[in-house]
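Commentary on secondary and tertiary structure
The lines below spell out each chain.
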Amino acid sequence: MKPRPVQPEHAPAAPSAAPDPYFPNSGDPRYRVHRYELALDYRPGPNRLGGTARLSAVAGVALAEFALDLGEFRIGRVLVDGRAARYTHRGGKLRIRPAKALAAGAAFTVEVHYTGNPRPVRSPWGGLGWEELTDGALVASQPVGAPSWFPCNDRPADKAGYQIAITTPSPYTVVVGGRLLTRTTRASSTTWVYEQSEPTSTYLVTVSIGQYRAVRFAERPAVPQTGYLPERLADGFGAGFDQQPRMMEYFEEVFGPYPFGEYAVVVADEELDVPVEAQGVATFGTNHLGGGWDRERLIAHELAHQWFGNSLTIADWSHIWLNEGFAKYAEWLWSEHAGGPTAATRAAAAHTLLAGLPQDLRLAGPGRKLMFDDRLYQRGGLAVHALRQALGDPSFFRMLKDWATLNRHGVVSTAGLTAHVSRYTDAPLGPLLDAWLHRPELPPLPVG
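Quick caveat, the model's predicted, so the values are computed rather than measured.

On to the overall build of the protein chain, then. A tally of regular secondary structure across the protein chain gives nine helices and 22 strands. With respect to the three principal axes, the spread of C-alpha positions in the protein chain is 65 × 55 × 40 Å. Counting over 448 residues, the protein chain shows a buried share of 57%. Across the protein chain, the fraction of contacts at a sequence separation of at least 24, relative to all contacts at a separation of at least 6, is 70%. If you sum the accessible surface of the protein chain, you get close to 18,000 Å²; carbon and sulfur atoms cover 51% of it. Charge separation in the protein chain, taken as the distance between the mean sites of 44 positive and 45 negative side-chain charges, equals 7 Å.

The following block contains the structure:
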């Protein structure tokens, strides 16, 4: 069936002005940031970070005061529109009172000078954000770890552009999502300046600092791809990542053009529980090298997040399944495309697994406690597979590519997906979507 014309309501949604339902203390919904400029200096030995953050923002309402999220740093000074502002800093909140109140709709700048020892934000899932390694550091902020290293409005839908300059001792390589503008060495220090012009969520801004070797992928795909890893691991890098250029080509075929200018993978010199996606970058551990489906699927999963999660960003954390369900299904699509088990076979295995587990998870709104439960990933993939079976392949793949391209660099929600999918069939999808998204009981295995 040919999809009906796009209506205005299907355009990328604006960020909500309400607090996040799962993290109501994160962010300030009364204003929006459109650009961050960070000029930082990091010393790996003492784990010392300091510098200046300049935020350009717009007030949504009149503001006599506003708040930024920031961890346990010492504040040097705070300026609003170039004038010193009063502030308090406690409990991860930097509350700022400008010398002159901000009018609704006013553009303003905030400049924060700070120093300290960055440490992860405590959470039920462990430490989030800046993590000191044996030799270097990495950032993995999902969902609320960004304040561990820079002052921000920590809301997923408040997407902004970034310029990040980081100075480190010269033996270290600095990897940040985006385009490397300059690398300047003076004496024993090197300053790396990156620009990420595409709208980026705070939790998707990453940094990796280590003594890494850069490895260009052997093939020459349309999208530049680089690996950064310890020299001693370079010879074994291809065994795990040799399929990535083909994945990129296939995902561009089914999801639309890659949303960013380049893609980097970092292999930190540590074992990590899971890989972590960020905008334009994915970070893996040494335990993720090597062949086999379990490693290959993780490479596909993190790459797929560049479309689903990074370009298409959720309105708030209750919609997390939109990130993980589509990335999980991308694993199954890649398996099918590469000549492995079909997506239907992978879906059947996931259904069997879920059938033996508790039936207490609602996909659309799982609650904070279950938002990273493995069942959400598996059931999310199954929900996407159920749509494929209901629409049939021609309509499903048109729907999938249009979802990614129409909402490119935008903000999405479960309701938005429901409205989008309905354009690709005359059959009522309400009962199917209700069963998969809003009810805890596992529906039957989707069969075409």
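Close contact between helix H6 (residues 374-391) and helix H7 (residues 393-406) brings their axes to 6 Å; oriented N to C, the two are set at 130 degrees. By the angle between their directions, the pair H6 and H7 is classed as oblique. Between H6 and H7 lies a crossing of right-handed hand. Here Val384, Leu387, Arg388 and Leu391 of H6 lie close against H7, whose contacting residues are Asp393, Ser395, Phe396, Phe397 and Met399. The residue inventory of the contact of H6 with H7, partitioned by class, reads six nonpolar, one polar and two charged.

When pLDDT is low, close inspection of the predicted coordinates is not appropriate. Considering every residue of the protein chain, the mean pLDDT works out to 94; 96% of them sit at 70 or more. Ignoring residues within four places in sequence, the model shows residues 1-14, a span with pLDDT below 50, making 28 contacts including any to other chains.

In this section: the nonpolar core. Ranked by size, the top nonpolar core spans 78 residues in total, and within it Phe251, Phe255 and Trp321 carry the most contacts. Examining the composition of this core, we find that nine residues originate from one element, helix H4 (residues 321-337), more than from any other. Apart from residues lying up to four places away in sequence, tryptophan 321 is in contact with Phe326, Leu363, Ala364, Leu376, Gly380, Ala383, Val384, Thr414, Leu417 and Leu437. By size, the runner-up hydrophobic cluster in this structure holds 46 residues, among which are Val33, Ala59, Val174 and Val176.

Turning next to H4. With 17 residues, H4 ought to run about 24 Å at 1.5 Å a step, and its terminal C-alpha atoms sit 23 Å apart, in line with that. Backbone geometry just after H4 places glycine 339 at a positive phi near 90 degrees.

Cis rather than trans, the peptide bond between glutamine 142 and proline 143 has omega equal to 0 degrees. By the secondary structure assignment, proline 143 is in the loop between strand E10 (136-140) and strand E11 (160-169). Located in the positive-phi region is asparagine 47, a residue other than glycine, with phi close to 55 degrees. Residue asparagine 47 is classed as buried on the basis of its relative accessible area, which comes to 7%. Look at histidine 409: it is not a glycine, yet its phi comes out positive at around 60 degrees. Structurally, the position occupied by histidine 409 is in the loop between H7 and strand E22 (411-412).

Read across the open sheet, the five strands follow the order E16-E17-E18-E20-E19; overall the sheet is mixed. Edge positions in the sheet fall to strand E16 (212-216) and strand E19 (276-278), since each of these pairs with one other strand and no more. Here the strands of the sheet are splayed against their neighbours by 20 degrees on average, with no regard to which way each runs.

For the rest of this paragraph, the subject is the pattern of salt bridges. For the structure shown, the criterion picks out 19 salt bridges. Across the pair aspartate 69 and lysine 93 runs a salt bridge whose closest N-O atoms are separated by 2.8 Å. One end of the pair, aspartate 69, is in strand E3 (residues 66-69); the other, lysine 93, is in strand E7 (residues 93-97), with 24 residues separating them in the sequence. The exposure classification of aspartate 69 matches that of lysine 93, with both residues buried. A salt bridge links arginine 375 to aspartate 360; the shortest N-O distance between them is 2.6 Å.

What follows covers the packing of helix H2 (residues 244-255) against H4. Taken N-terminus to C-terminus, the directions of H2 and H4 make an angle of 110 degrees; their axes are 11 Å apart at the nearest point. Here H2 lies roughly perpendicular to H4, going by the angle between them. Pair H2 / H4 crosses with right-handed handedness. Contact residues: Arg246, Met247, Tyr250, Phe251 and Phe255 in H2; Ala330, Leu333, Trp334 and His337 in H4.

This next bit is on the pairing of strand E12 (residues 173-176). Of the two faces of E12, the one holding Thr173 and Val175 and the one holding Val174 and Val176 are both buried throughout. Taken together, the four bridges between E12 and strand E15 (residues 207-210) define a ladder with antiparallel strand orientation. By the bridge assignment, threonine 173 is partnered in E15 with glycine 210.

Attention shifts here to the side chain of serine 26. Relative to the assigned elements, serine 26 resides in the segment before strand E1 (31-43). Discounting residues that sit within four places of it in the chain, serine 26 has contacts with Asp69, Lys93, Val144, Asp154 and Arg155.

In total, this model carries 30 aromatic pairs according to the counting rule given. Where phenylalanine 255 meets tryptophan 307, the ring centres are 5.5 Å apart and the plane angle is 65 degrees; that geometry is what we call edge-to-face. Placement of the pair is phenylalanine 255 in helix H2 and tryptophan 307 in the loop between helix H3 (293-304) and strand E21 (313-314), with a sequence separation of 52 residues. For the residue pair phenylalanine 255 and tryptophan 307, the accessibility class agrees, reading buried in each case. On the basis of an interplanar angle of 85 degrees and a centroid distance of 5.8 Å, the ring pair of tyrosine 258 and phenylalanine 260 is categorised as edge-to-face. In this structure phenylalanine 260 comes out as buried when scored by relative accessible area, which is 7%. Among the aromatic residues, those joined into a cluster by ring pairs are Tyr250, Phe251, Phe255, Tyr258, Phe260, Tyr263, Trp307, Phe308, Trp321, Phe326 and Trp334.

Calculation rules
- Every chain's residues receive numbers from 1 upward, in the order its sequence appears when written.
- Confidence filtering applies because this is a predicted model: local features only for residues at pLDDT of at least 70, side-chain atom pairs given and counted only at 80 or more, and all residues used for totals across whole chains, interfaces and linings.
- The side-chain numbers reported here are obtained from all heavy atoms of the structure, hydrogens and water having been left aside.
- The helix count covers DSSP runs of H or I at least four residues long, the strand count covers runs of E at least two residues long, and both are numbered beginning at the N terminus.
- Accessible area is worked out with a 1.4 Å probe on protein chains only. A residue is then buried under 20% of its type maximum, exposed over 50%, and partly exposed in between.
- The contact rule is simple, with two residues in contact once any of their heavy atoms fall within 4.5 Å.
- All accessibility values rest on the Shrake-Rupley procedure with a 1.4 Å probe; residue burial counts only the protein chains present in the view.
- Under this rule, positive means Lys or Arg and negative means Asp or Glu; His and the chain ends count for nothing.
- A single reference atom marks each charge: NZ on Lys, CZ on Arg, CG on Asp, CD on Glu.
- For helices, the fitted line uses only the C-alpha atoms of the stretch in contact; every axis is such a line through C-alpha atoms, and the angle between N-to-C directions lies from 0 to 180 degrees.
- These descriptions rest on fixed angle ranges, namely under 35 degrees for roughly parallel, over 145 for roughly antiparallel, 65 to 115 for roughly perpendicular, and the rest for oblique.
- Here a crossing is taken to be left-handed if its near helix is turned anticlockwise relative to the far helix by less than a right angle, and right-handed if that turn runs clockwise.
- Gly is placed with the polar residues, together with every amino acid not listed as nonpolar (Ala, Val, Leu, Ile, Met, Phe, Trp, Tyr, Cys and Pro) or charged (Asp, Glu, Lys and Arg).
- Residue-level confidence of the predictor is summarised by pLDDT, bounded by 0 at the bottom and 100 at the top.
- The criterion is simple. A nonpolar core is a set of buried Ala, Val, Leu, Ile, Met, Phe, Trp, Tyr and Cys residues joined through side-chain atoms within 4.5 Å.
- Helix span, expected: 1.5 Å multiplied by one less than the number of residues in the helix.
- For two strands to count as paired, DSSP must find a minimum of two bridges between them.
- Counted as salt bridges are all cases of a side-chain nitrogen of Lys or Arg within 4 Å of a carboxyl oxygen of Asp or Glu.
- In this scheme Phe, Tyr and Trp rings, the latter by its six-membered ring, pair at centre separations within 6.5 Å, and the angle between planes marks the pair as stacked below 30 degrees, edge-to-face above 60, and tilted otherwise.

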